[in-house]
Amino acid sequence: MISSDNFLDAMQRRHACKLFDETKRISKEKLELILEYGRLSPSSFGMEPWRFLVVQSQEMKEKLRSFCWDQPQIMTCSDLVLIKTVISPLAPGSKYSRDMLSRRDLPKDRIEAYFDIYDKFATAKMAGEGIFSWSSRQCYIAAANMMTGAAAMGIDSCPIEGFEKEKIESLLNMDPTKEELALIIAFGYRVNEVTKKVRLSLDKIVEYI
């Protein structure tokens, strides 16, 4: 059983690190463990829409920095993880959705019922907020697990939304009909100690009915 104290310590340690120690690198084993935390995360309908692009090249980081508001963590981090979400594979009736839903150990009629439920859901999403809006939220679940898991290993992170999405997608030759950029996370080791975490108290954010 995982200690609640250990998890709370990781949550207390995690912060948006703005400056990393450029001389320290995350080991291959620990980086793959962080990515595993993302892979094992829950997602709506079990679609696992996330795809992780790990940027380690300083040359590529330099290209990305100009599209990320010149934020210092882009260049100083050990590893930059771009979380992409698939788009067209999530369309109603797609082979991808069928393959993902068919993994369930259920009778054929139950699986086909799930096909129908998913198709109606995806159709409504496409007509409303859009597939990206829904699928990118799933990516944030994976991102949270990756950052907390990293903190538990003494590795710092910074989630980044300040970027020019279309320009980065163009740089990476991404086809926006097939996948889009949801979020960027910088991972590495902090230079400066963090200030005390400031959060609203539970009584201000929780109510019971």
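Figured I'd write up the structure that's included with this text. This is a predicted model, so every value here is computed, not measured.

## Re the overall build of the protein chain
Part 1 of the reasoning: Per the secondary structure count, the protein chain includes 9 helices and 4 strands.
Part 2 of the reasoning: When the helices and strands of the protein chain are listed from N to C terminus, the series reads α-α-β-α-α-β-α-α-α-β-α-β-α.
Part 3 of the reasoning: Its C-alpha atoms put the protein chain at 55 × 45 × 35 Å along the principal axes.
Part 4 of the reasoning: By the burial criterion, 41% of the 209 residues in the protein chain qualify as buried.
Part 5 of the reasoning: Look at the contacts in the protein chain between residues 6 or more apart in sequence, and 79% of them connect residues 24 or more apart.
Part 6 of the reasoning: Entry remark: accessible area of the protein chain is about 12000 Å², with carbon and sulfur atoms responsible for 56%.

## Re the packing of helix α1 (residues 4-13) against helix α7 (residues 131-152)
Part 1 of the reasoning: Interhelical geometry of α1 versus α7 gives an angle of 105 degrees and a closest axis separation of 8 Å. Here α7 runs roughly perpendicular to α1, going by the angle between their axes. The residues of α7 that touch α1, namely those facing F7, A10, M11 and R13, are T148, A151 and A152.
Part 2 of the reasoning: By residue class, the composition of the contact of α1 with α7 is 5 nonpolar, 1 polar and 1 charged.

## Some points on the nonpolar core
Part 1 of the reasoning: Within the largest apolar cluster, 18 residues are counted, with the highest numbers of intra-cluster contacts made by I83, I155, I185 and F187.
Part 2 of the reasoning: Listed by contribution, the elements that provide at least two residues to this core are α2 (28-39), β2 (79-86), α7 and β4 (179-188).
Part 3 of the reasoning: For this core, the element with the highest residue contribution is α7, accounting for 6 residues.
Part 4 of the reasoning: Apart from residues lying up to four places away in sequence, I185 is in contact with D79, L80, V81, I83, A143, M147, S157, C158 and P159.
Part 5 of the reasoning: Judged by nonpolar contacts, the second largest core, of 17 residues, contains C17, C68, C77 and A186.

## Things to note about the sheet that holds strand β3 (residues 156-160)
Part 1 of the reasoning: Spatially, the 4 strands line up as an open sheet ordered β1-β2-β4-β3, and their pairing is antiparallel. Only two strands of the sheet have a single partner each, and these edge strands are β1 (50-55) and β3. Direction aside, the axes of adjacent strands within the sheet are offset by 25 degrees on average.
Part 2 of the reasoning: Here β2 pairs with β4 via 8 bridges, running antiparallel. Paired with I83 across the two strands is L183, which belongs to β4.
Part 3 of the reasoning: On the sheet, α2 packs against β1, β2 and β4 and is oriented at approximately 160 degrees with respect to β1.

## Brief notes about α2
Part 1 of the reasoning: Its 12 residues give α2 an end-to-end C-alpha distance of 16 Å, which sits within 8% of 16 Å, the value for a rise of 1.5 Å per residue.
Part 2 of the reasoning: Taken as a whole, α2 has its buried residues at L31, I34 and G38. For α2, the arc enclosing every buried residue in end-on projection is 55 degrees, short of the 170-degree limit, so these residues lie on one face.
Part 3 of the reasoning: Looking at the packing, one finds that the buried side of α2 touches β1, β2, α7 and β4.

## What to know about the environment of S66
Part 1 of the reasoning: Relative to the assigned elements, S66 resides in the loop between α3 (58-65) and α4 (73-76).
Part 2 of the reasoning: S66 gets classed as partly exposed once you look at its relative accessible area, which sits at 42%.
Part 3 of the reasoning: For S66 and K167, which are 101 residues apart along the polypeptide, the C-alpha to C-alpha distance reads 9.9 Å.
Part 4 of the reasoning: Within the local environment of S66, its side chain forms a polar contact with the backbone oxygen of K63, the two atoms lying 3.1 Å apart.

Rules used throughout
Residues numbered from 1 in each chain as written. Predicted model: local features only at pLDDT ≥ 70, side-chain atom pairs only at ≥ 80, totals over all residues. Heavy atoms only, no water. Helix = DSSP H or I, 4+ residues; strand = E, 2+ residues; numbered from the N terminus. Buried < 20%, exposed > 50% of the residue type's maximum accessible area, 1.4 Å probe, protein only. Contact = heavy atoms within 4.5 Å. Areas by Shrake-Rupley, 256 points an atom, 1.4 Å probe, with all protein chains shown as cover. Axes fitted to C-alpha atoms, helices over the stretch in contact; angles between N-to-C directions. Parallel < 35°, antiparallel > 145°, perpendicular 65-115°, else oblique. Nonpolar A, V, L, I, M, F, W, Y, C, P; charged D, E, K, R; others polar. Core = buried A, V, L, I, M, F, W, Y, C linked by side-chain atoms within 4.5 Å. Pairing = 2+ DSSP bridges. Expected span 1.5 Å × (residues − 1). Arc of directions from axis to C-beta. Polar contact = N/O pair within 3.5 Å; in protein donor to acceptor, adjacent residues only side chain to side chain.

By themselves, these are just geometric observations and shouldn't be taken as functional.
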